[in-house]
Amino acid sequence: MARRALLTDRERELIEGGEDVDEDLRYQAISRVRRKINDELTTDVEVLRENHSELCEELRGVVCESAE
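**Quick word on the overall build of the protein**
Along the protein, the regular secondary structure elements total three helices and zero strands. Secondary structure elements of the protein occur, N-terminal to C-terminal, as α-α-α. In summary, the protein has a C-alpha radius of gyration of 14 Å against a globular reference of 11 Å for 68 residues, an excess of more than 25%. With the principal axes as the frame, the protein shows a C-alpha extent of 45 × 30 × 20 Å. Expressed as a percentage of contacts within the protein between residues at least 6 apart in sequence, the contacts between residues at least 24 apart total 23%. Surface accessibility of the protein: about 5,900 Å² in total, with carbon and sulfur atoms responsible for 50%. Across the protein, 11 positive and 19 negative side-chain charges occur, with their mean positions spaced 3 Å apart.

**Section: the pattern of salt bridges**
All chains considered together, the criterion is met by five salt bridges. Salt-bridge contacts for Asp-9 lead to Arg-12; the nearest nitrogen and oxygen are separated by 3.6 Å. Taken together, the residues Asp-9 and Arg-12, both in helix H1 (residues 9-16) and three residues apart, mark about one turn of the helix. Take Asp-9: its relative accessible area is 45%, and that puts it in the partly exposed class. The salt bridge partner of Arg-10 is Glu-13, with a shortest N-O separation of 3.1 Å.

**A word on the confidence of the model for the protein**
On average, residues of the protein score 91 in pLDDT, and 94% of them are at 70 or above. At the low end of the mean pLDDT range in the protein sits helix H3 (residues 53-67), at 90; at the high end sits helix H2 (residues 23-51), at 95.

**A short note on the packing of H1 against H2**
Close contact between H1 and H2 brings their axes to 8 Å; oriented N to C, the two are set at 120°. Viewed along their axes, H1 and H2 adopt a mutual orientation that is oblique. The two elements H1 and H2 meet at a crossing, and its hand is left-handed. Of H2, the residues touching H1 (which contributes Arg-10, Glu-11, Leu-14 and Ile-15) are Leu-25, Arg-26, Ala-29, Ile-30, Arg-32, Val-33 and Lys-36.

Rules used throughout
- Residues numbered from 1 in each chain as written.
- Predicted model: local features only at pLDDT ≥ 70, side-chain atom pairs only at ≥ 80, totals over all residues.
- Heavy atoms only, no water.
- Helix = DSSP H or I, 4+ residues; strand = E, 2+ residues; numbered from the N terminus.
- Rg over C-alpha atoms; globule rule 2.2 N^0.38 Å.
- Contact = heavy atoms within 4.5 Å.
- Areas by Shrake-Rupley, 256 points an atom, 1.4 Å probe, with all protein chains shown as cover.
- Lys, Arg positive; Asp, Glu negative; His and termini not counted.
- Charge placed at Lys NZ, Arg CZ, Asp CG, Glu CD.
- Salt bridge = Lys/Arg side-chain N within 4 Å of Asp/Glu carboxyl O.
- Buried < 20%, exposed > 50% of the residue type's maximum accessible area, 1.4 Å probe, protein only.
- pLDDT = per-residue confidence, 0-100.
- Axes fitted to C-alpha atoms, helices over the stretch in contact; angles between N-to-C directions.
- Parallel < 35°, antiparallel > 145°, perpendicular 65-115°, else oblique.
- Left-handed = near helix turned anticlockwise from the far one by under 90°.

This is the structure:
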């Protein structure tokens, strides 16, 4: 089994799209990921910020650098 961070392999496939991807399934995957970001990821960041600032900064660096 491959390791993952935020997206499952299937969510990646659906979000990347393509001609053979069902748009309803793609929408559902986007909705699931949005929920993960707003719920679980927010909580994880708070735990890191309060308990391990170095890891929190590493995460921030990866996310902010990737967004540019």
